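The chain contents come next:
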Amino acid sequence: MLKKMLLLIAVFQLSGCAELQQVINQLPNGGITNDQIARGLKEALNNGITNQVGTLAIKDGFFKNELVRILLPEELQKVDNTLRKIGLSKLADEGLKVLNRAAEDAVNEAIPIFVDAIKGMTFADAKNILLGDKNAATQYLQIETSDALYQKFNPIINNSFKKVGADKIWTDLITKYNNLPFTKDVNPDLTDYVTGEALKGVYTMVEVEENNIRTKFSSRTTDLLRKVFALQD
């Protein structure tokens, strides 16, 4: 165990692929190639997308998942509270649900963008992820995909609001609130807000799967995953 730890420390100190490979070959799981490391990381990220992100695209994928459920923005929490006090709880509940429905509609667009980012991963990327922070893979995907995902999500969420009548529900809800005496008018950009929250939810679920693969042997469902992630154990 001590020898393994010392060798892993050496890995962090070496920068060249050849030097890294020399160290890897001395590990108990030696013989693993640079290509296998890269393929293992790509497989892990693809698993994260399939196992976790895909679940967000179904009905209630966001709404009934406490980790990612989209709540009201701060400026609308007072709207929600006030409407409930005057007997409009049903309208407030519906307003919250349609925000989550819009995010669920957008998530399918994330998968091909993630796949492209994973295909473009180099061995250097894979090495940094494998021996990096516990959420290094999630961070990599966030850097590589967040701009593209925002551009994809935003119009879909806007259209979803129209499709499910969310624009009418929220216009109604906010109008009722703004017409109440002694309230300050609000006019939030809900499309932008839900887009941001949907992105947070997607990366949260990727991180859940990454943590599972890094910490749970049972989540390493193939020989390649077991061999690659043994290097970071």
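Data block above holds the structure.
We now turn to the structure provided with this report.

### Digging into the packing of aromatic side chains
What the rule picks out here adds up to one aromatic pair. Measuring from ring centre to ring centre gives 6.0 Å for Phe114 and Tyr203, while their planes differ by 75°; the resulting arrangement is edge-to-face. Of this pair, Phe114 sits in helix α6 (residues 110-119) while Tyr203 sits in helix α10 (residues 190-215), and the two are 89 residues apart along the sequence. The class of Tyr203 is buried, set by a relative accessible area of 5%. Geometry around Phe63 places Arg69 over its ring, the cationic atom sitting 4.4 Å from the centre.

### Quick notes on the nonpolar core
In terms of nonpolar packing, the biggest core is built from 61 residues, with Leu41, Phe114 and Phe153 touching the most fellow members. Residues within four places of Phe114 in sequence aside, it is in contact with Ile49, Val53, Leu141, Thr145, Leu149, Val202, Tyr203 and Val206.

### Structural notes on α6
What α6 keeps buried is the set Ala110, Ile113, Phe114, Ala117 and Ile118. Down the axis of α6, the sector holding all buried residues measures 135°, keeping them to one side. In α6, the exposed positions angled more than 90 degrees off the buried face are occupied by Asp116 and Lys119.

### Some remarks on the environment of Leu56
When you line up the elements, Leu56 lands in helix α3 (residues 34-56). For Leu56, a relative accessible area of 0% corresponds to the buried category. Separated by 142 residues in the primary sequence, Leu56 and Ala198 place their C-alpha atoms 9.4 Å from one another. Residues within four places of Leu56 in sequence aside, it is in contact with Gly61, Phe62, Asn65, Val68, Glu104, Val107, Gly201, Val202 and Met205.

Thresholds, definitions, all that
- Residues numbered from 1 in each chain as written.
- Predicted model: local features only at pLDDT ≥ 70, side-chain atom pairs only at ≥ 80, totals over all residues.
- Heavy atoms only, no water.
- Phe/Tyr/Trp six-rings, centres within 6.5 Å; stacked < 30°, edge-to-face > 60°.
- Helix = DSSP H or I, 4+ residues; strand = E, 2+ residues; numbered from the N terminus.
- Buried < 20%, exposed > 50% of the residue type's maximum accessible area, 1.4 Å probe, protein only.
- Lys NZ or Arg CZ within 6 Å of the ring centre and 35° of its normal.
- Core = buried A, V, L, I, M, F, W, Y, C linked by side-chain atoms within 4.5 Å.
- Contact = heavy atoms within 4.5 Å.
- Arc of directions from axis to C-beta.

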